[in-house]
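Structural overview
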Amino acid sequence: MSRENNPDYDIRLPQWNAPDPQFEFGEQFQKKTLLGGKAPWRISLREKKEPVHGKADSCDSLLNIHSNAIVVGAPAGTTEITFMMGLYAILIGFAACMFGWGAFESIRDLDPEKSGYLLNSSIAIVLTIASIFFLVAAAFFFRIGFLTPRDLPVLFNRKTREVSFFTVIPMKFWKFWQRAGVGEIKTYRWDDAYARSYQLTELTGEAARSTYLLALLWGDPSQPRQCKEIVTIGYKGWWEDELLWRLYEHIRRYMEEGGPPIQPGESLRRSGTGKLPQFPPEVIAAAGGPALSEEEVRRLASIRE
């Protein structure tokens, strides 16, 4: 099947790739997020009555289903991130061990009465510093891959027409004892959300590739032209963003048209390590109570054992 006739690519939004028509991004906000101030690749305006894609799909991004809400994951919950961070931790940890062993051998062989003592002392100091740096770096990547929440859930409540998500506590490189995680809960009106996709260039080690992210943006009520919040949802799209917009179409139909919380044959995302951050009781209560069981989800998706 050609791409033109493939329903997966039935995007209803033209490429934009120009400055955002709705928002301005202050310098502080641009430093806060990678997407702040970047030209969107495609845009969906605030009006949500018209479809943005011919097909709705959760794109393996659905984390939980409640009676009144669905919970969608973020790109941080994809398996690639955990795998790559773990690999970096192992490789950099091995380098730290090698430098550490070199520093140990250099210090053990130091003798003030031998020539070249100052040079050997300098080499030992450099190796020790390098070992400490690589050890901290290995701990940094290990914390990202295995000690941070395995996903950053975003809850869409169609009864209250609100979107709730967690703020992210950034991880500090040198504070190896600090565990990154999530902070306070923020809730905004679904009707005030603007959807955007963004194109980024990502280095893979062998070549550069185009990566796309799907995001929701909200303005500042006191200054509507100023973007106040950006939250990414779904996963990283490689080389194209048409498939990503199927996720937004799934959410749009659920929130606007009473669409199903999960499409036939789909299942919940179970990638990543660790536990999901838990929404506070008042958010869960507004969502209709605890998440549905796996058996109930399978029944909704028409999946038989």
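Quick summary incoming for the structure in this document. For clarity, every value in this text was computed on a predicted model and none was experimentally measured. For every chain, the first residue of its written sequence is number 1, and the numbers climb from 1 along that sequence. The model is predicted, so local features are restricted to residues of pLDDT at least 70 and side-chain atom pairs to those at 80 or more, both for listing and for counting; the totals for chains, interfaces and linings are taken over all residues. Side-chain descriptors were evaluated using all non-hydrogen atoms of the structure, hydrogens and water having been removed beforehand.

**Overview of the sheet that holds strand β6 (residues 181-189)**
The condition that has to hold: Any two strands with at least two DSSP-identified bridges between them are counted as paired. Numbering of helices and strands runs from the N terminus; a helix is a DSSP stretch of H or I covering at least four residues, while a strand is a stretch of E covering at least two. Axes, fitted as lines to C-alpha atoms, cover a helix only where it is in contact. Angles between the N-to-C directions of the axes lie from 0 to 180 degrees. Residues are treated as being in contact if the distance between any of their heavy atoms lies within 4.5 Å.
Taken in spatial order, the five strands make up an open sheet running β2-β3-β4-β5-β6, and their pairing is antiparallel. Two strands bound the open sheet, and with one partner strand each, they are β2 (62-65) and β6. Between one strand and the next, the sheet's axes are offset by a mean angle of 20°, whatever the strand orientation. Two strands pair when backbone bridges link them, and β2 and strand β3 (residues 69-72) are joined in this way by three bridges, in the antiparallel orientation. Paired with I65 across the bridge in β3 is I70. Here helix α4 (residues 244-256) sits on the sheet and contacts β3, β4 (154-157) and β5 (162-169); the angle it forms with β3, its principal contact strand, is near 165°.

**Details of the pattern of salt bridges**
As a reminder, the rule being used: Each reported salt bridge corresponds to a side-chain nitrogen of Lys or Arg within 4 Å of a carboxyl oxygen of Asp or Glu. The rule is simple: take the accessible area with a 1.4 Å probe, protein chains only, and divide by the maximum for that residue type; under 20% is buried, over 50% is exposed, in between is partly exposed.
Here the structure, examined in full by the defined rule, presents 21 salt bridges. The shortest N-O distance in the salt bridge between K49 and E256 comes to 3.1 Å. Here E256 lies in helix α4 and K49 lies in the loop between β1 (42-44) and β2, a separation of 207 residues in the sequence. Of the charged contacts in the structure, one is a salt bridge between E249 and R253, with a shortest N-O distance of 2.7 Å. Taken as a pair, E249 and R253 lie in helix α4 at a separation of four residues, close to a single helical turn. On the basis of relative accessible area, E249 is assigned to the buried category, the value being 0%. R253 sits in the partly exposed class, given a relative accessible area of 26%. Counted as one network, the salt bridges with shared partners bring together K49, R161, R189, D191, D192 and E256.

**Focus on α4**
Side chains that are three or four residues apart share a direction in an α-helix, a result of its 3.6 residues per turn. What counts is decided by this rule: Expected span, for any helix, means 1.5 Å times one less than how many residues it has.
Here α4 is 13 residues long and its end C-alpha atoms lie 19 Å apart, about the 18 Å a rise of 1.5 Å per residue gives. The buried fraction of α4 amounts to twelve of the 13 residues, a majority that puts the element mostly inside the structure. Of all the residues in α4, the buried ones are L244, W245, R246, L247, Y248, E249, H250, I251, R252, Y254, M255 and E256. Of the residues one or two after α4, G258 is the one with positive phi, at around 70°.

**Digging into unusual backbone geometry**
Phi at N17 takes a positive value of approximately 45°, unusual for a residue other than glycine. As for its position among the elements, N17 is in the segment before α1 (27-32). Although it is not a glycine, D60 adopts a positive phi angle of roughly 55°. Along the chain, D60 falls in the loop between β1 and β2.

**Let's talk about the nonpolar core**
Spelled out, the test is: Working definition of a nonpolar core: buried Ala, Val, Leu, Ile, Met, Phe, Trp, Tyr and Cys residues. They are joined through side-chain atoms within 4.5 Å.
Counting 36 residues, the largest nonpolar core has F156 and I251 as the members making the most contacts within it. Going through the elements one at a time, β2, β3, β4, β5, β8 (208-220), β9 (223-238) and α4 are the ones with two or more residues in this core. Broken down by element, this core gets its largest block of residues, seven residues, from α4. Those residues in contact with F156, other than ones at most four positions away along the chain, are N68, A69, I70, V72, E162, V163, W190, L216, I251, Y254 and M255. Within the second largest apolar cluster, eleven residues are counted, among which are L35, Y198, L213 and I230.

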